[in-house]
Amino acid sequence: MSRKLRTITLLMLLSGLALATTWRQLSLTELLAAAEVAVHAVVDSTTVELVDGEPWTHVTFTVRAGLAWPSADDDPEELWQDPGSITLEFLGGAAGGVTLNADQVPSFEAGDEVILFAYTGRYYSPLVGFNQAAWWLTDGTWRGRDGRLLGLDASGELVLESDGVGADPEAVVAAVQAALEAR
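On a predicted model such as this, the values are computed, not experimentally measured, just so you know.

1. Some remarks on unusual backbone geometry
- Look at D52: it is not a glycine, yet its phi comes out positive at around 55 degrees.
- Positionally, D52 belongs in the loop between β1 (37–51) and β2 (54–68).
- Take D52: its relative accessible area is 79%, and that puts it in the exposed class.
- The phi angle at Q104 is positive, at roughly 70 degrees, despite the residue not being glycine.

Here it is as structure tokens:
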């Protein structure tokens, strides 16, 4: 093999590694335990701005229910003081001629109704597990982009599974809040 061919092969292999995002699927127990903030909310708007040359998407949510919320003593940042509305920042988007598609970072559209578990710190995605702790209300069920259903089992316990029957969306929200309060 020529030196040029070896170099091209090596560069192709390394570029694939540099673009990969590694994650492991979290259980419902792990998602609940890691959530510093949890909300039932509706997407109000999305905007993208360049921060240090990188596009960041700012998603503003109208909070229908603050399911878990840090106290002012736990987190003095102004973002967490008013549970009526929050804005979360996600790496990626298009602004100023720069486009960045970040793997595993979810996208939102105005009007989306969601349940989110998030961290209070600034990360590429503030959601627990990049996108694993986001469920969209679709056809009367809460589904993540990974296809897992957030619902209730036959005994009324909160479950996260790849198939199954959904439950009344408000009953699921109440079960999420109860599970977060019980941790």
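Read on for the rest.
2. Topic: the sheet that holds strand β6 (residues 113–118)
- Read across the open sheet, the eight strands follow the order β3-β2-β1-β6-β7-β8-β9-β10; overall the sheet is antiparallel. Bordering the open sheet on either side are β3 (85–91) and β10 (158–161), each of which pairs with just one other strand. Direction aside, neighbouring strands of the sheet carry axes that sit 35 degrees apart on average.
- As defined by bridge partners, β1 adjoins β6 across six bridges and the pair is classed as antiparallel. Residue V42 lies in a different strand from β6, and its bridge partner there is E113.

3. Quick word on the pairing of β10
- Relative to β10, strand β9 (residues 149–152) is paired through four bridges, and the arrangement is antiparallel. Within β10, the position partnered with L150 by the bridge is L160.
- In textbook terms, the turn of a hairpin is the stretch between consecutive antiparallel strands, and for β9 and β10 this stretch comprises five residues, one of which, G156, has a positive phi near 90 degrees.

4. A short note on the nonpolar core
- Membership of the largest hydrophobic core comes to 24 residues, with the highest contact counts inside it found for I115, F117, W135, L150, V172 and L180.
- Mapped by element, the contributors of at least two residues to this core are α2 (28–34), β2, β6, β9, β10 and α3 (169–182).
- The dominant element in this core, judged by the number of residues it contributes, is α3, at five residues.
- Contact partners of W135, with chain neighbours within four places excluded, come to L31, E113, V114, I115, F117, W142, R143, G144, R148, L150 and L160.

5. Some remarks on the packing of aromatic side chains
- Counted by the stated rule, this structure contains six aromatic pairs.
- Ring centres 5.4 Å apart and planes at 45 degrees place the aromatic pair F90 and F108 in the tilted group. Within this pair, whereas F90 is found in strand β3, its partner F108 is found in the loop between β5 (98–100) and β6, the two being separated by 18 residues in sequence. Each of the two residues, F90 as well as F108, counts as buried.
- When the centroid spacing of 5.1 Å and the interplanar angle of 70 degrees are considered together, the rings of F117 and W135 count as edge-to-face. Taken together, the residues F117 in strand β6 and W135 in strand β7 (residues 134–138) connect sequence positions 18 residues apart.
- Through pairs of rings, three or more aromatic residues link up here, namely F61, F90, F108 and W136.
- The cationic tip of R122 hangs over the ring face of W56; the distance from NZ or CZ to the ring centre is 4.1 Å.

6. Section: the pattern of salt bridges
- Considering all chains together, one arrives at four salt bridges under this definition.
- Here R122 makes a salt bridge to E89, at a shortest N to O gap of 2.8 Å. Pair noted here: R122 is in the loop between β6 and β7 and E89 is in strand β3, with a separation of 33 residues, a long-range link.
- On the basis of relative accessible area, E89 is assigned to the partly exposed category, the value being 28%.
- In this structure, the salt-bridge partner of D146 is R148, at a minimum N-O distance of 2.9 Å.
- Take R148: its relative accessible area is 10%, and that puts it in the buried class.

7. Looking at the confidence of the model for the protein
- For the protein, the mean per-residue pLDDT works out to 85, and 80% of the residues sit at or above 70.
- In the model of the protein, helix α1 (residues 3–19) stands out as the element of lowest mean pLDDT, 46, in contrast to β6, which has the highest, 98.
- Low pLDDT (under 50) marks residues 7–19, which in the prediction has zero contacts with non-local residues, meaning those over four places away or in another chain.

Calculation notes
- Residues numbered from 1 in each chain as written.
- Predicted model: local features only at pLDDT ≥ 70, side-chain atom pairs only at ≥ 80, totals over all residues.
- Heavy atoms only, no water.
- Helix = DSSP H or I, 4+ residues; strand = E, 2+ residues; numbered from the N terminus.
- Buried < 20%, exposed > 50% of the residue type's maximum accessible area, 1.4 Å probe, protein only.
- Pairing = 2+ DSSP bridges.
- Axes fitted to C-alpha atoms, helices over the stretch in contact; angles between N-to-C directions.
- Core = buried A, V, L, I, M, F, W, Y, C linked by side-chain atoms within 4.5 Å.
- Contact = heavy atoms within 4.5 Å.
- Phe/Tyr/Trp six-rings, centres within 6.5 Å; stacked < 30°, edge-to-face > 60°.
- Lys NZ or Arg CZ within 6 Å of the ring centre and 35° of its normal.
- Salt bridge = Lys/Arg side-chain N within 4 Å of Asp/Glu carboxyl O.
- pLDDT = per-residue confidence, 0-100.

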